[in-house]
Amino acid sequence: MPEDKGYVHPEVLVDADWVQAHLKDANVRLIEVDVNTRSYEEGHIPGAVGFNWQKELQDQIVRAPVSKAQLEALLSKAGVSNDTTIILYGDNNNWFAAWALWILKYYGHKDVRLLDGGRAKWLADKREITTEVPTYTSTNYQAEEPHADLRVFRDQVLSSLGRQGFALVDVRSPKEFSGELLAPENIPQEGAQRGGHIPGAANVPWSQAVREDGTFKSAEELRSIYGSKGVTPDKDVVAYCRIGERSSHTWFVLRYLLGYNNVRNYDGSWTEWGSLIGAPIER
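Residues numbered from 1 in each chain as written. Predicted model: local features only at pLDDT ≥ 70, side-chain atom pairs only at ≥ 80, totals over all residues. Heavy atoms only, no water.

### Re the overall build of the chain
Right, so step 1: For the chain, the count of helices and strands is 10 helices and 9 strands.
Right, so step 2: Here the chain has a C-alpha radius of gyration of 18 Å; the compact-globule value for 283 residues is 19 Å, and the two agree.
Right, so step 3: Reported as C-alpha extents along the three principal axes, the dimensions of the chain are approximately 50 × 40 × 35 Å.
Right, so step 4: Sorting the 283 residues of the chain into buried and exposed places 53% on the buried side.
Right, so step 5: When the accessible surface of the chain is split by element, carbon and sulfur atoms take 49% of a total near 13000 Å².
Right, so step 6: One finds the centroid of the 31 positive side-chain charges in the chain at a distance of 3 Å from the centroid of its 39 negative side-chain charges. (Helix = DSSP H or I, 4+ residues; strand = E, 2+ residues; numbered from the N terminus. Rg over C-alpha atoms; globule rule 2.2 N^0.38 Å. Buried < 20%, exposed > 50% of the residue type's maximum accessible area, 1.4 Å probe, protein only. Areas by Shrake-Rupley, 256 points an atom, 1.4 Å probe, with all protein chains shown as cover. Lys, Arg positive; Asp, Glu negative; His and termini not counted. Charge placed at Lys NZ, Arg CZ, Asp CG, Glu CD.)

In structure tokens form, the structure reads like this:
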């Protein structure tokens, strides 16, 4: 039996044993989304399709998630129907898998879950991987109109600064939060003209939500982590990072594992805010 961690919506997570038992289930589609877009080709869970976050999950002209029509085409090609159970997983403790989940929920997919521990846990358990790329019969996937309550834009953030009951959570590393770095240490320092953070934001790095093996901490631990920084369920919470993927991870934790009703992802994040003329910045 999987460990009961006290989540409000435990159904949004599956463990590796569950995935193993459903590898041949026609109504389950495994989708791998990695930071390192070559990882899928090096080996993946049998039957999983790979989505390239750079080329397939974001618009190639406008900086935005894929459009409704683009997502419909992508999921149709992967053999996904509206009633398919989608299991997402990836590297870096599910950074971009969580971003993909946020996009799928934004467009109204009903049953989408994360593999707890992601790619690293599957490999650490020495479970089967393959380089065989599966093909599925195309479907006619129909997405819903965007669920605006899951996303926030820069002007909405700007107009909410200082408002009582509004909580910003910056999920980047402390060095990014302070303005010392513009991006995580191991990648090019680019994406914004200025360093720092949005005024009033609490710094709760995304990584505090997971254990050493990449699985999520218990609800009790998570409530303590976010509550101690004033990120509580009675507030209108907005999460941001650099480009929106780490904040999707925190958005997932707050919305599903802890059951926050009012939590949105600011996917423009620091890449946008740190380049806006005249935008207020703290260091």
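### Some words on the packing of helix α8 (residues 219–227) against helix α9 (residues 245–257)
Right, so step 1: Axis separation between α8 and α9 bottoms out at 11 Å; the angle between their running directions is 120 degrees. Here α9 runs oblique to α8, going by the angle between their axes. As for the relative orientation of α8 and α9, their crossing is left-handed in sense. Between α8 and α9, the contacting residues are Ala219, Leu222 and Tyr226 on the first element and Thr250, Val253, Leu254 and Leu257 on the second.
Right, so step 2: Partitioning the contact of α8 with α9 into residue classes produces 6 nonpolar, 1 polar and no charged. (Axes fitted to C-alpha atoms, helices over the stretch in contact; angles between N-to-C directions. Parallel < 35°, antiparallel > 145°, perpendicular 65-115°, else oblique. Left-handed = near helix turned anticlockwise from the far one by under 90°. Contact = heavy atoms within 4.5 Å. Nonpolar A, V, L, I, M, F, W, Y, C, P; charged D, E, K, R; others polar.)

### What about the domain arrangement of the chain?
Right, so step 1: For the chain, the assigned domains are domain 1 (10–125) and domain 2 (154–274).
Right, so step 2: Spacing between the C-alpha centres of domain 1 and domain 2 amounts to 22 Å.
Right, so step 3: Each partner contributes to the interface: domain 1 provides 19 residues, whereas domain 2 provides 23 residues.
Right, so step 4: Together domain 1 and domain 2 conceal approximately 1800 Å² of surface at their shared face, both sides included; 70% is due to carbon and sulfur atoms.
Right, so step 5: Three residues, Arg63, Trp95 and Trp102, lead the burial of domain 1 against domain 2; their summed loss comes to 35% of the area buried on that side.
Right, so step 6: Joining domain 1 to domain 2, the criterion identifies 0 salt bridges.
Right, so step 7: Our count for the contact surface shared by domain 1 and domain 2 stands at 4 residue pairs in polar contact (both at pLDDT 80 or more). (Domains from an automatic or database assignment. Buried area = accessible area lost by both parts, 1.4 Å probe. Salt bridge = Lys/Arg side-chain N within 4 Å of Asp/Glu carboxyl O. Polar contact = N/O pair within 3.5 Å; in protein donor to acceptor, adjacent residues only side chain to side chain.)

### Concerning the UniProt feature "domain: Rhodanese" (unreviewed entry) in the chain
Right, so step 1: Under the local residue numbering, the UniProt record ascribes the feature "domain: Rhodanese" (unreviewed entry) to residues 24–131 and 162–282.
Right, so step 2: A distance of 17 Å separates the end C-alpha atoms of residues 24–131, which is 34% helix and 15% strand.
Right, so step 3: Counted over residues 162–282, helix gives 26% and strand 12%. Its end C-alpha atoms are 13 Å apart. (UniProt positions renumbered as here; feature names shortened; annotations may be inferred.)

### Notes on the packing of aromatic side chains
Right, so step 1: The full count for this structure, using the stated rule, is 10 aromatic pairs.
Right, so step 2: Their ring planes at 85 degrees and their centres at 6.4 Å tell us that Trp53 and Trp99 sit as a pair that is edge-to-face. With Trp53 in the loop between β3 (49–50) and α3 (68–77) and Trp99 in helix α4 (residues 91–106), this residue pair connects regions lying 46 residues apart in the sequence. Note on accessibility: Trp53 and Trp99 belong to one class, buried. (Phe/Tyr/Trp six-rings, centres within 6.5 Å; stacked < 30°, edge-to-face > 60°.)

### Quick word on the pairing of strand β8 (residues 236–240)
Right, so step 1: Most of β8 sits inside the fold, with 5 of its 5 residues counted as buried.
Right, so step 2: Of the pairings in the sheet, the one linking strand β6 (residues 166–170) to β8 comprises 5 bridges and is parallel in character. When the bridges of β8 are listed, Asp170 appears paired with Tyr240.
Right, so step 3: With 3 bridges joining them, β8 and strand β9 (residues 263–265) adopt parallel strand pairing. Within the sheet, the bridge partner assigned to Val238 lies in β9 and is Arg264.
Right, so step 4: Running through α9, the crossover from β8 to the neighbouring parallel element β9 is right-handed. (Pairing = 2+ DSSP bridges. Right-handed = clockwise from strand over helix to strand, strands pointing away.)

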